[in-house]
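Remarks on the overall topology
Residues per chain, in single letters:
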Amino acid sequence: MVIQRNMFSKVFSRAAFYQNQIRYATASAGATTTLNCNKALKKGDEAVSFKELIESKPVTSLQGIGPKHEAQLEALKLRTIADLANYKFFHLARSIQTLAQVEEAGERLEHATMNLDKGLDKAFESMSLNEVCKAPASALSGLSDIAGETLKQLGVKTVDDLAQWKYCKWAEAIQVAAKYEQYKPPAADEESASTTTVTSES
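Read on for an overview of the structure.

Reading the values: the criteria
Residues numbered from 1 in each chain as written. Predicted model: local features only at pLDDT ≥ 70, side-chain atom pairs only at ≥ 80, totals over all residues. Heavy atoms only, no water. Axes fitted to C-alpha atoms, helices over the stretch in contact; angles between N-to-C directions. Helix = DSSP H or I, 4+ residues; strand = E, 2+ residues; numbered from the N terminus. Parallel < 35°, antiparallel > 145°, perpendicular 65-115°, else oblique. Contact = heavy atoms within 4.5 Å. Nonpolar A, V, L, I, M, F, W, Y, C, P; charged D, E, K, R; others polar. Buried < 20%, exposed > 50% of the residue type's maximum accessible area, 1.4 Å probe, protein only.

Another aspect to go through is the packing of helix H5 (residues 88-100) against helix H9 (residues 166-179). Relative to each other, H5 and H9 sit at 100 degrees, their axes nearing to 11 Å. In terms of orientation, H5 lies roughly perpendicular with respect to H9. Between H5 and H9, the residues in contact are Phe90, His91 and Arg94 and Cys168, Lys169 and Glu172, respectively. Per-class residue counts for the contact of H5 with H9 are 2 nonpolar, 1 polar and 3 charged.

Time to look at unusual backbone geometry. The backbone of lysine 77 shows a phi angle near 65 degrees, a positive value even though the residue is not glycine. Positionally, lysine 77 belongs in the loop between helix H3 (67-75) and helix H4 (81-85). Classification of lysine 77 as exposed rests on a relative accessible area of 61%.

On to the environment of lysine 39, then. Take lysine 39: it is sitting in the loop between helix H1 (2-30) and helix H2 (50-56). Lysine 39 sits 25 residues away from glycine 64 along the chain, and the two C-alpha atoms are 9.9 Å apart. If near-sequence neighbours (up to four positions away) are discounted, lysine 39 is found in contact with Gln63 and Trp170.

This is how it looks when you write it as structure tokens:
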């Protein structure tokens, strides 16, 4: 009797498990995705996939970048969303800013060897990370004074500003999101396919 109860309990539990799985799959299949990043994109690009944004869209697809900013970004050789996502000076600035948050003022050991000599102009190599954050963006090695002035016109004055530059942050986030995106045909394509099927059947 006890054995029969246990068997019945196992069968019932397994049946309930599969029923829940079917219910979840059905709900997921009919679910409408609501995610968007409309506040970062121009109206014409709000329905575009992350993949398309990162593979082919220009910087002007982002909110706030008009002809004036486009020309300024062109001077920095930043033409596409992918260019912004991969902008090496943004990545260096953000690394400096992140590490500055765990820096202890005046506590560098005498035998410490860590440095950023390849990433900073000579005049800034001896500075602490927090000091570098407050330095002009042109303190980064390879970023010319002219480029620094162009960044100023874009509202980026310091290394800290560059680390928090919204256009690069948006672009990088889009690039990462694209890696986890599953291709789904636009609703218009689905309707077209459905119409074709019905027509062929009739």
